[in-house]
Amino acid sequence: MPAKVKLFFSRRQMLEAAFWLLVALLLYLFMLSADSLAMRRHLAIAEALLSGQLWGRQALVGSLEYAPLPSLLLLVFAAPLQLLNLSASKLLCALAQAYCLNRMFKLQRLFGKSWQTPLPLLLIALLLFCWKDPFLFGTADPGWISAAVYAGFFYHMCLWQHDQELRHLVAGALFLGLLCLCGASAILLAALSYVIALAEIRKKLGEPEKFAGLPTVLGMPLLYCFALLFIWNWLIMNDPLFLLRDFWLRAGSMNLALFKQGAMSQLLFFYLLGLLVLLIAAQFSDQSMGTRLLQAAFLLLPLCFMACRALQVHPAGVATLSGMALLLLFLVFSYSNFNTRISENLAWCAALALMFCGFCVFPNLTKPFQDPEPASVPAELLCQYIDRFWPDSRIMLYGLPLASTYPDRPEKRFLARLDFHEQMLHEQAKDEQMHLLIPPNNGELYPKKHPVLADIHRRGRDWLLLEKQYPGGWQLWRCVTAPSGESKLDHLR
Amino acid sequence: MQKKYKLSGNLTGDILNPRGFPQATLVLCPWQRRALLGFIALLLLWALLNWRQELLLINLALTVFYLLAMLHRLFLIGLSLRYSPEMKFSAEQLARPPNGKEWPSYMVILPMYKEGAVLPELIDSLSKLDYPKDKLDIRLLIEEDDEETRSVADQLNLKAPFQQVIIPKSEPRTKPKACNIGIEWGEADYLVIYDAEDKPEADQLKKAVWAFAESPEEVACVQCKLSYYNPDWNFLTRCFMAEYANWFGLCLPGLDLLQAPIPLGGTSNHFKLPILRQVGAWDEYNVTEDCDLGLRLFVAGWRTRIVDSTTWEQACHVLPYWIAQRSRWVKGYIQTYLVQTRDFFGMHRKLGLWNSFQFHLFVGGNFFSQLINPLYWILTLGWLIFKPDFVSQFFPLPIFIMGSICLFVGNFIFAYTAGIACVRRGVGRLAYYAALMPFYWILMSFGAWKGFLQLITKPHHWEKTKHFANPESVFEHLEAKE
């Protein structure tokens, strides 16, 4: 009779968990810089959710740029950590980073040689200090959650290649599903990884009978989480495709000139070289699953990044996923066994070239993946102006970036939504005095061809009065629909 | 003269414990009846005083229950995926008896009623059992008034180790009563029970003998896995297969790992015969006597193990029969739950805190969730379509979060694990039916409600599962019935 399964961890497991928690704590303490812009926006969403604001619920599901998983995790962490006076964003990132490290060390321990154990640390030091941290290792960025999810997926798929245990496939599938909740780039990466993983599984198993059902097991969480995004949009936004509309509108005004920039072509070259290394390793080494999965990342992530830049949207998770993929590349490479001496030499040469390239490319770029901070009108300035004539008026804001720029838990001065319904705003303006803040039409805070916001910015509306224009093209409009029975013009209507 | 064991009739004169242990003679014992009436009265009174608060608290309790059931199921499945606890034996091991001398004697019982159509196939599959014939005693338990099966059995001209045992007509007319009468006499080391349509793997008895030999003394029962040989007949059989694969391939092995009470499956239970008799064998009043026996063995200090050997059964593919079968299972689970909790504190003392928790979730939760699921489906559907404002007052943030987890994560897990189980069971081609399991759950709830209502009206009625020799005979049968 097998020993009864222990419900609690063994002593060794407890010690291991304690060690990794300590690592997370150290990462938390030494997180080099402040929260990234994306993290601040996710924090604002979590806070809005906690205070029951409508825009928080809308932002949780209605944006592919700011995916639901980081916001949900911040929501879980935020309340208890507030009591302890700890930063939820930093702790979440530290835990995600510790998890990534843990997966890397486990892979190294399983497949590599003992003298290679410090390799992950050396690689991170290289990226952090020699390459000037291009992948936001020292920043609290929500992308770390995507990176941790991807690391989990990658780890389990490598393990599956090792022993073909169904549980690894199930765990990998669950991580793949979670990746779907990490933003547009992560969704594409998950979809491509699914196809590649299936092809590898089929090749490894050989017999069709053994393969039967595995596409379902691997794909069901992915499809379900993808479907969830639309279901949630239907439930909260009353439009299942709401999260795609922003992207769709932006596609019409893509800034293709961006592709010609030197920095972009350098980045692209770097990733193409990485792809070459992976192609050699996949063809001639025993780690075909890992290397082929990384090919998907190396092919897709730079393209996603460039597309996001061209569309002027936040490339959610691309920076950290790229960094993670690069670390995994060197890691897998270190423990791969090559078929022939020639292929091994070739692969090593390519890997060294890639590392050298990194020295050339990244130190010259200042935070290539980081979003530029958009200019905005300070909230105090807006309130001061309105208070002079309309002390009871509230400012209506549309769009997630704007809502998170002007956080207002009691919603006394700012009221935010993600969707614009002209009639609804009209009705509200009848009940109370409202202002409307419209950012410049430069594609940063809403699509250049947004049918409503761009149009208001350009032509206004009959019921809107442009009260003030701020530098940079920011407009403050006042709704002039007087509450019913209070307008001096009522008798003329 | 062979020794005769008394395993039927009322021996004590106690209506609740006719053979010295609690049996399902009555649905509720006196205190349970009083408690139920008191609970209903309390609900009514509370509704009069503050029905909103009452609904809120009921909703909270049900949501917590769903969440716990989901986590428990997830835990069991995670364990069985990680550790693969079934006992496995190699061909070399099975080539010789575990003691090195001779194989122990085995009694095989086959309760049947109106199974003439499948009897030849059954005899054929049992003749293929890889076990010394002189150590076998195969008993066909045929009801006195079952002319159909008797005539087929007579025509087959059965020889040893097969023998017919005629079960005299008496109440209650249930399978466990027939089993108890069937084992009242005769000696054997081990016993196994099969259904009329079963096709056990040829080496199953040897595997069971090895499993007993390699287990500690306290292991009194070995449960083999059940699976279906006709999963591709229609939607129902496909989903049924996925459900069985999940139950026997993931859930029960998880319970086995935790050494928790295991509700036995209806057939392919191998017992140490003396111990089976010692605990009183099956409860003839319980319509899921197998589940009850598994729990009774556990309470008496005996353990059950799961062995990696499969008995192939016929999945019921006709909806009315399927619903009838399901209703019997749910009715039996409720009976078992009520019987086991008659000595409420005693049961918890004997099982311990953790096993009691698992018993409530796995046995109680099993039928309870099937009964209340329709309520929540209707509520969810109504909320999605009409979005009524009043619903939100019963879902404050903590309940809303738990409810959302159950809705979006729980339902997915229950469906997804069916797909995993199919792959693990070797029927991966059915894995995508996991996505259709919610429709199957609706049917399960139909059956559950039928069973629940029948518990009130006909508590001991045995909904017989009809078996067919081949798919065509189903239609012949239905035509004949019309």
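Considerations on the sheet that holds strand β2 (residues 136-143) of chain B
All names here are of chain B.
In step 1: The strand order β3-β2-β1-β4-β7-β6-β8-β5 describes an open sheet built from eight strands, whose pairing is mixed. Each of the sheet's edge strands pairs with one partner strand only, and the pair in question is β3 (162-167) and β5 (199-200).
In step 2: Examined bridge by bridge, strand β6 (residues 219-228) and strand β8 (residues 303-313) share nine bridges and lie parallel to one another. Directly across from V219, in β8, lies its bridge partner R303.

Details of the interface of chain B and chain A
In step 1: Across the contact, 26 residues belong to chain B and 16 residues belong to chain A.
In step 2: Looking at the side of chain B that touches chain A element by element, the count peaks at eight residues for helix α13 (residues 397-425) of chain B.
In step 3: Counted by class, the side of chain B that touches chain A contains 18 nonpolar, four polar and four charged residues.

Things to note about the nonpolar core
In step 1: Ranked by internal contacts, the top residues of the largest apolar core, which has 273 residues, are L179 of chain A together with A242 of chain B.
In step 2: When residues of this core are assigned to domains, at least three map to each of domain 1 (11-364) and domain 2 (379-492) of chain A.
In step 3: Here A242 of chain B is in contact with A418, A421, C422, L430, Y433, A434 and M437 of chain B, once residues within four sequence places are set aside.

Description of the packing of helix α1 (residues 11-29) of chain A against helix α5 (residues 88-111) of chain A
All names here are of chain A.
In step 1: Between α1 and α5, whose axes approach to 8 Å, the crossing angle comes to 130 degrees. As far as their axial angle goes, α5 and α1 are oblique. Note on packing geometry: the crossing formed by α1 with α5 is right-handed. Between α1, through W20, V23, A24, L27 and Y28, and α5, the contact on the second element is made entirely by K90, L91, A94, L95, Q97, A98, L101 and N102.
In step 2: Considered class by class, the residues forming the contact of α1 with α5 number 10 nonpolar, two polar and one charged.

With respect to the pairing of strand β4 (residues 464-470) of chain A
All names here are of chain A.
In step 1: In the sheet, β4 pairs with strand β5 (residues 474-479) via six bridges, with the strands oriented antiparallel. Across the sheet, residue K468 finds its bridge partner in β5, namely L476.
In step 2: The hairpin turn running from β4 into β5, its antiparallel successor, is three residues long, and G472 in that turn takes a positive phi close to 90 degrees.

Concerning the environment of I438 of chain A
All names here are of chain A.
In step 1: Assignment of secondary structure puts I438 in strand β3 (residues 434-438).
In step 2: Considered as a pair, I438 and A416 are 22 residues apart in the sequence and their alpha carbons are 12 Å apart.
In step 3: Sequence-distant contacts of I438, that is, excluding residues within four places in its chain, are made with L453, I456, H457, Q475 and W477.

Some words on helix α8 (residues 166-179) of chain A
In step 1: Given a rise of 1.5 Å per residue, 14 residues ought to cover 20 Å, and the 20 Å separating the end C-alpha atoms of α8 of chain A matches this to within 8%.
In step 2: Among the 14 residues of α8 of chain A, 12 are classified as buried, and the element is accordingly described as predominantly covered.
In step 3: Among all positions of α8 of chain A, only R167, L169, V170, A171, G172, A173, L174, F175, L176, G177, L178 and L179 of chain A are buried.
In step 4: Its buried side turned inward, α8 of chain A meets α4 (68-83), α7 (143-163), α9 (184-205) and α11 (214-237) of chain A together with α1 (30-83) and α13 of chain B.

A word on the pairing of β5 of chain A
All names here are of chain A.
In step 1: Summarising burial for β5: five of the six residues are buried, a large majority.
In step 2: Sheet analysis places β3 next to β5, joined by four bridges and oriented antiparallel. In the sheet register, L437 faces β5, and the bridge partner there is L476.

Some thoughts on the confidence of the model for chain B
Residue and element names in this part refer to chain B.
In step 1: Summarising the model, chain B shows a mean pLDDT of 88, and 96% of its residues fall at 70 or more.
In step 2: For chain B, helix α15 (residues 471-481) is the element with the lowest average pLDDT, namely 51, and strand β4 (residues 190-193) is the one with the highest, namely 95.
In step 3: Among the prediction metrics, the complex's ipTM stands at 0.88, with pTM recorded as 0.89.

A look at the domain arrangement of chain A
All names here are of chain A.
In step 1: Domain annotation for chain A reports domain 1 (11-364) and domain 2 (379-492).
In step 2: Distance between the C-alpha centres of domain 1 and domain 2: 38 Å.
In step 3: Taken together, the contacts link 22 residues of domain 1 with 17 residues of domain 2.
In step 4: A per-element tally of the side of domain 1 that touches domain 2 places helix α2 (residues 37-50) first, with five residues.
In step 5: A breakdown of the residues in the side of domain 1 that touches domain 2 according to their chemical character gives nine nonpolar, eight polar and five charged.

Conventions we followed
- Residues numbered from 1 in each chain as written.
- Chains lettered and ligands numbered in written order.
- Predicted model: local features only at pLDDT ≥ 70, side-chain atom pairs only at ≥ 80, totals over all residues.
- Pairing = 2+ DSSP bridges.
- Helix = DSSP H or I, 4+ residues; strand = E, 2+ residues; numbered from the N terminus.
- Contact = placed C-beta atoms within 7 Å.
- Nonpolar A, V, L, I, M, F, W, Y, C, P; charged D, E, K, R; others polar.
- Core = buried A, V, L, I, M, F, W, Y, C linked by C-beta atoms within 7 Å.
- Buried ≥ 20, exposed ≤ 12 C-beta atoms within 10 Å, placed from the backbone.
- Domains from an automatic or database assignment.
- Axes fitted to C-alpha atoms, helices over the stretch in contact; angles between N-to-C directions.
- Parallel < 35°, antiparallel > 145°, perpendicular 65-115°, else oblique.
- Left-handed = near helix turned anticlockwise from the far one by under 90°.
- Expected span 1.5 Å × (residues − 1).
- pLDDT = per-residue confidence, 0-100.

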